[in-house]
Amino acid sequence: GIDDVTVELYDSTGATLLGSTDTDGNGAFSFDAAPGASVTRAVQPGAYADGGQSAGSNGSVDSANDEMTVTVGFGETSIDNDFFEVPGASISGTVFEDPDDDGERDGAPGIPFVDVRLTGVDDGGNAVDLTTQTDSFGNYSFENLRAGTYTVDETQPMSYLDGIDSSGSAGGDSDTVNDEISGIVLGENVAATGYDFAELPLPGLSGSVRDDTGAPISGVRVTLTGTDDLGPVGPTAAFTRLDGSYSFTDLRPGTYTVTE
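The rules we used
- Residues numbered from 1 in each chain as written.
- Predicted model: local features only at pLDDT ≥ 70, side-chain atom pairs only at ≥ 80, totals over all residues.
- Heavy atoms only, no water.
- Helix = DSSP H or I, 4+ residues; strand = E, 2+ residues; numbered from the N terminus.
- Rg over C-alpha atoms; globule rule 2.2 N^0.38 Å.
- Buried < 20%, exposed > 50% of the residue type's maximum accessible area, 1.4 Å probe, protein only.
- Contact = heavy atoms within 4.5 Å.
- Areas by Shrake-Rupley, 256 points an atom, 1.4 Å probe, with all protein chains shown as cover.
- Lys, Arg positive; Asp, Glu negative; His and termini not counted.
- Charge placed at Lys NZ, Arg CZ, Asp CG, Glu CD.
- Phe/Tyr/Trp six-rings, centres within 6.5 Å; stacked < 30°, edge-to-face > 60°.
- Salt bridge = Lys/Arg side-chain N within 4 Å of Asp/Glu carboxyl O.
- Core = buried A, V, L, I, M, F, W, Y, C linked by side-chain atoms within 4.5 Å.
- Pairing = 2+ DSSP bridges.
- Axes fitted to C-alpha atoms, helices over the stretch in contact; angles between N-to-C directions.

Draft legend 1. Molecular detail of the overall build of the protein. The secondary structure content of the protein amounts to zero helices and 21 strands. For the protein, whose C-alpha radius of gyration is 29 Å, the value lies well above the compact-globule estimate of 18 Å for 260 residues. Its C-alpha atoms give the protein principal-axis dimensions of about 105 × 35 × 30 Å. Split into buried and exposed, the 260 residues of the protein put 36% on the buried side. Sequence separation of at least 24 residues holds for 62% of the intrachain contacts in the protein that already meet a minimum separation of 6. Total accessible area on the protein stands at roughly 13,700 Å², and carbon and sulfur atoms take up 49% of it. Charge separation in the protein, taken as the distance between the mean sites of 8 positive and 46 negative side-chain charges, equals 15 Å.

Okay, here's the thing in C-alpha cells:
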C-alpha cells in the first residue's frame, strides 16, 4: 500500500467536496458516506504513474482516471474501491558544451534553458508528448513515466553547432537523426540516465590594431568576409575597442579574410 495519498469524497455531481482523508501505512482509506451516490477521487501521488482503478462492491463504477462513483444504501458498506499506481520510470540527461567534439563532458559546462521533448507510446497504448527545459547545469529529466517506447528530441541551442548525441542506460538510437534519440524501451520503475546532447561552441576570430610603438589604436574599422560551411559570409564590420582589440564571435567553420 502507498501511504499519505489524499483521497477525496464528492457529491454525485463530482462538484462539491464532502470530505478528504489520507491513506494509512497500508494504503487504506475510508469515509462515512450518506446513502446514495458519491464520487471518490484519488489525488495522483508523485513518483508514480496512474495504474487505473478497480470499482468495489455495492454497485461501484469506474468513472475516469483516479475516480469512481460509489452507491451505498442505509447501513451498507462498499469495500475494495481500489486505486492502482505504477512505480514511475524516468528518462534524464544533459545538454553540454563539447569543444573537442568527442561526446564526453570532461568537466565542460552545461547549457541551460534548452528545450527537450519526449514523445512515444506507453504500455497502455497512450500517446505521450511532454516538454521540459534544461536547468542551470544543463540537466533535464522526465519523471513518473509508465513503461513504454520513447523518443527524446532536443531543440538545437543558438550559438552552438550540433555535436554528438548519446543513448543512455536503457538503449536507443542516437545516430540516425540529429538531435534525436529514438527507440528507448523503458521498463517499469527504471531510471534511465545518460541521454546526452553535446554541442560545439561556435568559433571566433580576434586580434588588435596597434601603432609602431605597440600602443593600441581604437575606432579602426575591421571587416570580415569569407565562406563558411553554409556559403558566403559578410562583409561584417567591427571597430577596435579602447585597448585596440576587435573580435568576431559565433562564426561557423569556414575560411575567412580579415581586412583593416
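Draft legend 2. Quick peek at the packing of aromatic side chains. Scanning the model with the defined rule gives four aromatic pairs in all. Ring geometry for Y140 and F142: centres 6.0 Å apart, planes at 65 degrees, overall edge-to-face. The exposure class assigned to F142 is buried, which follows from its relative accessible area of 4%. Connected via pairs of aromatic rings, a cluster forms that spans F29, F31 and F83.

Draft legend 3. A look at the pattern of salt bridges. On inspection of all chains with the given rule, the structure shows four salt bridges. Across the pair R41 and E67 runs a salt bridge, and its minimum N-O distance is 2.6 Å. Taken together, the positions of R41 in strand β3 (residues 36-42) and E67 in strand β6 (residues 67-72) put the pair 26 residues apart, joining distant regions of the chain. Using a relative accessible area of 18% as the deciding quantity, one classes E67 as buried. Of the charged contacts in the structure, one is a salt bridge between D129 and R117, with a shortest N-O distance of 2.6 Å. Remark: R117 occurs in strand β9 (residues 115-122) and D129 occurs in strand β10 (residues 127-133); sequence separation between them is twelve residues. Judged by relative accessible area, which is 39%, R117 ranks as partly exposed.

Draft legend 4. Just the nonpolar core, in detail. If you look at the biggest cluster of nonpolar residues, it comprises 20 residues, and the most contacted ones within it are I91, L118, L145, Y150 and V152. When contributions to this core are tallied by element, the ones reaching two or more residues are β8 (89-97), β9, β11 (139-145), β12 (148-154) and β14 (180-186). Ignoring anything within four residues of it in the chain, the contact list for V152 reads I91, V116, R117, L118, Y140, D179, E180, I181, I184 and F197.

Draft legend 5. Looking closely at the pairing of β8. The buried count for β8 comes to eight of nine residues, which makes it a mostly enclosed element. As defined by bridge partners, β8 adjoins β11 across five bridges and the pair is classed as antiparallel. Across the sheet, A89 pairs through a bridge with L145, a residue of β11. Pairing between β8 and strand β15 (residues 191-192): two bridges, direction parallel. Its bridge partner lying in β15, I91 is registered against A192.

Draft legend 6. Region of interest: the environment of G59. In this structure, G59 sits in the loop between β4 (48-54) and β5 (61-64). Classification of G59 as exposed rests on a relative accessible area of 52%. Along the sequence, G59 and A37 sit 22 residues apart, while their C-alpha atoms lie 9.5 Å from each other. Here G59 is in contact with T69 and T71, once residues within four sequence places are set aside.

Draft legend 7. Structural context of the sheet that holds strand β18 (residues 221-228). The sheet built from three strands is open, its strands ordered β19-β18-β21 with antiparallel pairing. Sheet topology places β19 (231-239) and β21 (254-259) at the edges, where each strand pairs with a single neighbour. Between one strand and the next, the sheet's axes are offset by a mean angle of 15 degrees, whatever the strand orientation. As judged from the six bridges shared by β18 and β21, these two strands associate in the antiparallel manner. Bridge pairing in β21 links T225 to T257.

Draft legend 8. Representation of the sheet that holds β3 within the structure. Taken in spatial order, the five strands line up as β2-β1-β3-β6-β5 in an open sheet, and their pairing is antiparallel. Of all the strands in the sheet, the pair left with one neighbour each is β2 (17-22) and β5. For this sheet the average axis-to-axis angle between neighbouring strands, irrespective of direction, equals 25 degrees. The pairing of strand β1 (residues 6-10) with β3 spans four bridges and is antiparallel. Its bridge partner being in β3, V7 is matched across the sheet by A42.

Such coordinate-based values are descriptive only and should not be taken to indicate function.
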